[in-house]
Amino acid sequence: MGNEDNLQRCTVRLNVSSSQGTGFFVAPNSILTCAHVVESAKDNPVQVFWKAGNQNYTAKVTQLYSYPLDLALLQLYEDCLHHPCVELDDTKPNTNDDLYIFGYPKNSELDYSQGDSASFKYEGISFKQDIILYKLKQGQVISGFSGSPLLNLLTGKVCGIVHLSRDESNDLGGRAVSAQVIVQQFPKIALLNQQFHQQKPKGDNPFEYGSPVLPQNFYGRRREILEIKNRIGAMYPQCINLVGLRRNGKTSLLRYIKERISEFCSPEQKPLVVALDLTNGNFHTPEGIIEGLRRGIHKLTGNFPWSKEDNENGFTVEDGLQFLVDEGYRLIILLDEFEAIASKKDRLELFQDWGEDWRSKASAGLLTMVIASKRPLNEVYETLSLGSPFANIFSTTIVGALEEEAWQNIIQKGQKEFLPNSAVLQWVDELAGGLPYYVQMAGAMLWQYGNEEIAKNEFNFQAQPRFEELWKDLTEVERLALRYQLEWDNLPIQNRAIVDRLQRDGLLQKNGGLFSSVFAEFLKGQR
C-alpha cells in the first residue's frame, strides 16, 4: 500500500447496536479493530460496511484482548469479494514522521459515517503497562476513529491501530497500539498478511483474451480431448469437426492438439500434424491449401512429398500421401476457421471438388482432418444451398463452456495475489459463465482494477462488441430462444432442440439461465 486512497479501500465501518467504530482488512476476510469497539457484541454478529465495495457484511469476533491491549480480530461470515489488505510494518516510525488515518467517526455532534481523514505527526513511544503505544500529535482523534489503521506516509505501510484520543475536543492527538504488538499477538494473521503482499503482481497481467492460449496455459476440455483422441488416435484414424461459437476456444484447442500430439496419438502412429489457418489469404483457393500442405509436410519431415509444379496433378499428390502412409506416418490436418472459405456461395462452390477429393483421400486413409467451424459442416453447406461433401466421415464435437474446475483454475492460478475465494469465483461466473474468452477477460479486468464494480463496468465496455458479433452469428430461432429465457411476452414456446444446442454452446446454463448477467442486459436492448 503506498497512498491514502489505498488505505481507504482497506477500511470498514463497524456497527454494534448504537455504537460505531472502524476496522480494516489485515488478511483475506479478516478485520482488525480495537476491542472496545466490538466487545459489547459478545456472541452477536457485528455489522460491517465496506465502503470501497459498497457492500454490507456481518462478522463474528474470533479473538478479543481487552485492556490494556485493546485489540480484536473479526472474521466475515461470508466471503468478501476481492478486497485489498493493509501491509503491516512493525518497525518504529521516526520522530515527526507524517502519519495518516481514515475511519468512520461519529459522536453526538458529528457524523462522518461515510468516512473521514486525519493526519498527525509521530511524537514518540509510550507504555501502558508493558504495551508499546505510539504517541501522536497535531491531529484530532474523535469517537469512531478507534480501530483505524495508522499509515506511515514515508513507508506507505501501516505501523499501528488508533487506540484512544488525548482530547476529543482539540488536536492534541492520540495514541495507537503499535504494529509490533499486533504481530506479536496475532502471529498467524501476521503471516497471512505477509503472504498476501508477497503474492502481489510484480509484472504483466497473467490473463490473456483475444488470442489463442499457450498449451501450458490450457485448462480443462477433458471431454473434447477424449473425443478427439478417440478419433485421430484410433486404430483407424477418423475425421472430427470441432464446432463452437466465436471465441469459445477452438483455435486454442487446435494449437493444443498440434503441440501436445503425444496426448492424442501413440509414438508408433508417427503423427504428422499440419495446421492451416484458413483466414490466411494464401489458403483461399484449393491450390493454396495443397501448397500449404506440401510445405507443412516438408517442415516436419525435411522432404517435399511432391513438387510445387505437381500440386494440380492429383495422381502425383496421391502418390506422395501414400508414400507417407507406407512409411508408417499418420497425416493429421488441422483446418481452422472453415467459414473463411465458406462465407460466400461462389467461394464454397470453388472448393466443392476439393472437398470431395479430400473426402476420398480421408476415406482411403491417406489423411485425417480436424476442421474447426462455428456451425456443423452440413449446416455450413446447407446455409448456402449446397450439399456437404463431407457427409458421414466426420463426427461433431461441440466446444462450449469450460468445466467449472477448469475456469476456476484459470482464475486461481492467474490471481494468486488476490487469494481468490468463493465470492470472487461467483463474481467471475456471473460475468463469464465458464466461456473461456470471457473468463480471461473478467480475470484481466479484476487483476487490473482490483475493484469489482470498476472491473465489471470495464468488462461490460469490452464485451459489448463481442456480444454484437455473437448476436449476428445466431439464427433467428436461436435469438428467440434466448429472448424466451428472459420471459419476454408474446414469444413462441421454446424449441427444446435449440435450447439443448445453446446449452452445449455455453450460451444457456443447465438451469436455463443466460450464461452472463452482462449478456442478459445486452440482450434486453436487442430487437
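Thresholds applied
Residues numbered from 1 in each chain as written. Predicted model: local features only at pLDDT ≥ 70, side-chain atom pairs only at ≥ 80, totals over all residues. Heavy atoms only, no water. Helix = DSSP H or I, 4+ residues; strand = E, 2+ residues; numbered from the N terminus. Rg over C-alpha atoms; globule rule 2.2 N^0.38 Å. Buried < 20%, exposed > 50% of the residue type's maximum accessible area, 1.4 Å probe, protein only. Contact = heavy atoms within 4.5 Å. Pairing = 2+ DSSP bridges. Axes fitted to C-alpha atoms, helices over the stretch in contact; angles between N-to-C directions. Parallel < 35°, antiparallel > 145°, perpendicular 65-115°, else oblique. Left-handed = near helix turned anticlockwise from the far one by under 90°. Nonpolar A, V, L, I, M, F, W, Y, C, P; charged D, E, K, R; others polar. Expected span 1.5 Å × (residues − 1). Bend = angle between axes of the 7 residues up to and from the residue.

## Details of the overall build of the protein chain
- Each helix and strand counted, the protein chain has 18 helices and 18 strands in total.
- Over its C-alpha atoms the protein chain spans a radius of gyration of 31 Å, topping by over 25% the 24 Å that the globule rule assigns to 527 residues.
- On the principal axes, the C-alpha backbone points of the protein chain span a range of 100 × 60 × 35 Å.
- Across the 527 residues in the protein chain, those meeting the buried criterion constitute 51%.
- Long-range contacts, defined as pairs at least 24 residues apart, comprise 68% of the intrachain contacts of the protein chain with a sequence gap of at least 6.

## Focus: the sheet that holds strand β5 (residues 55-65)
- In space, the six strands of this closed barrel follow the order β1-β2-β3-β6-β5-β4, with antiparallel pairing throughout. Shown here is a sheet whose adjacent strand axes are inclined to one another by a mean of 40°, direction ignored.
- Across six bridges, strand β1 (residues 11-16) lies against strand β2 (residues 19-27) in antiparallel orientation. In the strand pairing of β2, L14 is matched with G21.

## What about the packing of helix α5 (residues 222-232) against helix α6 (residues 250-259)?
- Close contact between α5 and α6 brings their axes to 12 Å; oriented N to C, the two are set at 50°. Considered as vectors, α5 and α6 are oriented oblique to each other. Regarding α5 and α6, the two cross each other, and that crossing is right-handed. Contacts between α5 and α6 involve E224, I225, I228 and I232 on the former and, on the latter, L253, Y256 and I257.
- In the contact of α5 with α6, the residues fall into six nonpolar, no polar and one charged.

## Some thoughts on the side chain of N152
- Residue placement: N152 occurs in strand β11 (residues 149-152).
- The contact partners of N152, leaving out residues within four places of it in the chain, are P93, D97, D98, L99, K157 and C159.

## Quick word on the pairing of β5
- Across five bridges, strand β4 (residues 46-50) lies against β5 in antiparallel orientation. Residue pairing for β5: Q47 is matched across the bridge by T58.
- In sequence, β4 turns back onto β5 through a hairpin of four residues, with N54 there showing a positive phi of about 50°.
- Where β5 meets strand β6 (residues 71-76), six bridges bridge the pair, whose relative direction is antiparallel.

## Quick look at the pairing of β11
- Side chains P149 and L151 project from β11 onto one buried face, and the interleaved L150 and N152 project onto a second face that is buried too.
- With three bridges connecting them, strand β7 (residues 98-103) and β11 associate as antiparallel partners. Looking at the pairing, I101 lines up with L150 of β11.
- Looking at chain direction, β11 and strand β12 (residues 157-165) are connected through four bridges and run antiparallel. Each bridged residue has a counterpart across the sheet, and for N152 the counterpart in β12 is K157.
- Hairpin connection from β11 to β12: four residues lie between these consecutive antiparallel strands, with G156 at a positive phi of about 75°.

## Quick notes on helix α15 (residues 452-473)
- Between the first and last C-alpha of α15 there are 30 Å, a value that for 22 residues agrees with the 32 Å anticipated at 1.5 Å per step.
- Along α15, the sharpest kink reaches roughly 40°, centred on A463 and followed within four residues by the proline P465.
- Those residues of α15 that are buried lie in contact with β4, β5, α13 (422-432), α14 (436-449), α16 (476-485) and α18 (517-524).

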